[in-house]
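# Chain and residue survey
For reference, the chains in residue letters:
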Amino acid sequence: MTAQAAIDARLRPRGSNHVGMAQFNERVVLQAVRLHGSLAKADIARLTHLTAQTVQIIIVRLEAQGLVRKLAPVRGKVGQPSVPMALNPDGAFSIGIKIGRRSLDMLLVDFCGQVRERLSLGYVFPDANTLFAEIDTRLQALRQTLPPKLRSRLHGVGIAAPLSLGGWQTLLGVAPQQAATWANVDIRERVMEMTDLPVEFVKDTAAACVAELVAGRGRSIKSFLYIFVDTFIGGGLVLDSQLRSGLHGNAGAVGSFPIGLAPAGPAVLNAARADAAPHAAAPPQLLSLASLFNLEARYRQHGLDETAATDDRALAEPWRAHTLGWLREAGPAVALTVNSAACLLDLEGVIVDGLFSPAMLNAFLAEVDSGLDRFSWEGVARPALLAGTVGSDARAIGGALLPLYANFAPDRDLFLKMAR
């Protein structure tokens, strides 16, 4: 079976030729075109198991709604030239909001998942008392960038943010009172007060995983661990082509993975007490070794611009030596996490992306791959290690996909059911 045939076989759900299934079938057709790109009506019928007549009726309706468009006829075959149908980029829009520990990104995304407009704000740490005013201003500005005739096609807002923005304050050097301002903030509720559009929320690394699942390598990989390297490293988990959240929304939370064994004895018991030093005897977590804040700290210690961590300077002098030191520490730590995950979950692949340059991503992958070489894989399959394809916008794009899928995917709860 070819790779494309394997992707075709995974298209779910199929359409139904029964009466009363019109909207569902429309969404099935849209999903087929989204997953496979431009398609002739005959190919749509084959993929969706709908009759040619049903597909013809649906295409007429979708064209009238402005959701699909005809491309140039394809000639050169026997018979009439086929006319591929594609999503109309102007058919629908959504806004994705990424609230990070170092920056805010807000994107206007079209029906094809392409970024039309971007507004960003950098900070040392987000201030809950001022950030929402900034979001409100940018939310209205993004809406105004659409021509008046297209504003009714804005279908919602998707927010991607850490589940605990005030967490790990000691590692970040954030004052406790500043971190505490996020303790009782309901981010979704605050943004809902700003707009009449539907608003959804998802963990930031899960949102990045959604973007890779829908628009990247995840379309051809059935089960994978997703890792995103940001201020803190984090991730998501896809099993059988479905994003899994877990009971508390923490499935794929690789940042909390312990690097080493906890020592036995009274020290561990004392460290577990609420009044003891937090986790004094516990092994370090992955995020304390393989996050970008570690790399930034190395730069600061040597008087270098820490923002180089996210661009091409990271592998150039004078940053290069410090970057290589971080890579030699982070790569094996991630490899340990991947090995443990593969033993437990029998993964097809591991997809890694992050807030850094393509060259830096390749260097990071090389160190992880080298670390994986040091493990015994007897009795377990070593997963493929792959670079993500979405990049630094993955979290905000994943957030923006939530309302688009809620309105136009066959399973409207595909991602929303794990976002609450």
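How each quantity is defined
Residues numbered from 1 in each chain as written. Predicted model: local features only at pLDDT ≥ 70, side-chain atom pairs only at ≥ 80, totals over all residues. Heavy atoms only, no water. Core = buried A, V, L, I, M, F, W, Y, C linked by side-chain atoms within 4.5 Å. Buried < 20%, exposed > 50% of the residue type's maximum accessible area, 1.4 Å probe, protein only. Helix = DSSP H or I, 4+ residues; strand = E, 2+ residues; numbered from the N terminus. Contact = heavy atoms within 4.5 Å. Pairing = 2+ DSSP bridges. Expected span 1.5 Å × (residues − 1). Salt bridge = Lys/Arg side-chain N within 4 Å of Asp/Glu carboxyl O. Phe/Tyr/Trp six-rings, centres within 6.5 Å; stacked < 30°, edge-to-face > 60°. Lys NZ or Arg CZ within 6 Å of the ring centre and 35° of its normal.

### Looking at the nonpolar core
Membership of the largest hydrophobic core comes to 75 residues, with the highest contact counts inside it found for Ile97, Ile99, Ile135, Trp326 and Phe364. Tallying contributions element by element places helix α12 (residues 320-345) first for this core, with nine residues. Non-local contacts of Ile99, meaning those with residues more than four positions away in its chain, are made with Leu104, Tyr123, Leu131, Ile135, Ile159, Ala160, Ala161, Pro162, Leu165 and Ile187. Judged by nonpolar contacts, the second largest core, of 48 residues, contains Val33, Leu50, Ala92 and Leu107.

### Here's the deal with the pairing of strand β7 (residues 199-203)
In terms of burial, β7 is largely enclosed, as five of its five residues are buried. Of the two faces of β7, the one holding Val199, Phe201 and Lys203 and the one holding Glu200 and Val202 are both buried throughout. Of the strand pairs in this sheet, strand β6 (residues 154-161) and β7 are connected by five bridges, and their pairing is parallel. Each bridged residue has a counterpart across the sheet, and for Ile159 the counterpart in β7 is Phe201.

### Comments concerning helix α9 (residues 204-215)
Compared with the 16 Å implied by 1.5 Å per residue over twelve residues, the 16 Å span of α9 between its first and last C-alpha is a close match. Across the twelve residues that make up α9, a large majority, eleven, are buried. Of the positions making up α9, those classed as buried are Asp204, Thr205, Ala206, Ala207, Ala208, Cys209, Val210, Ala211, Glu212, Leu213 and Val214.

### Let's talk about the pattern of salt bridges
Going through the model one piece at a time under the given rule, you end up with 18 salt bridges. In this structure, the salt-bridge partner of Arg116 is Asp90, at a minimum N-O distance of 2.6 Å. Of this pair, Arg116 sits in strand β5 (residues 115-122) while Asp90 sits in the loop between β2 (85-87) and β3 (93-99), and the two are 26 residues apart along the sequence. Exposure remark for Arg116: the relative accessible area of 36% places this residue in the partly exposed category. Measuring nitrogen to oxygen at the nearest pair gives 3.2 Å for the salt bridge that ties Asp196 to Arg143. Residue Asp196 is found in the loop between α8 (187-192) and β7, and its partner Arg143 is found in helix α5 (residues 131-145); the two are separated by 53 residues along the sequence. Accessibility expressed as a relative area gives 66% for Asp196, which makes it exposed. Beyond isolated ion pairs, a larger network of salt bridges with shared partners links Asp90, Asp110 and Arg116.

### Description of the packing of aromatic side chains
Note on aromatic pairs: each is described by the distance of the centres and the angle between the planes. Considering all chains together, one arrives at seven aromatic pairs under this definition. Ring geometry for Phe111 versus Phe408: centroids 5.0 Å apart, planes at 65 degrees, classification edge-to-face. Of this pair, Phe111 sits in the loop between β4 (103-110) and β5 while Phe408 sits in helix α14 (residues 394-408), and the two are 297 residues apart along the sequence. For the pair Phe111 and Phe408, a shared accessibility class is recorded, and that class is buried. Aromatic pair Phe232 and Phe293: ring centres 5.3 Å apart, planes at 80 degrees, arrangement edge-to-face. Of the two residues, Phe232 sits in the loop between β8 (224-229) and β9 (233-239) while Phe293 sits in helix α11 (residues 292-301), which places them 61 residues apart along the sequence. For Phe293, a relative accessible area of 8% puts it in the buried group. Directly above the ring of Phe111 sits Arg34, whose terminal nitrogen or CZ lies 4.8 Å from the centroid.

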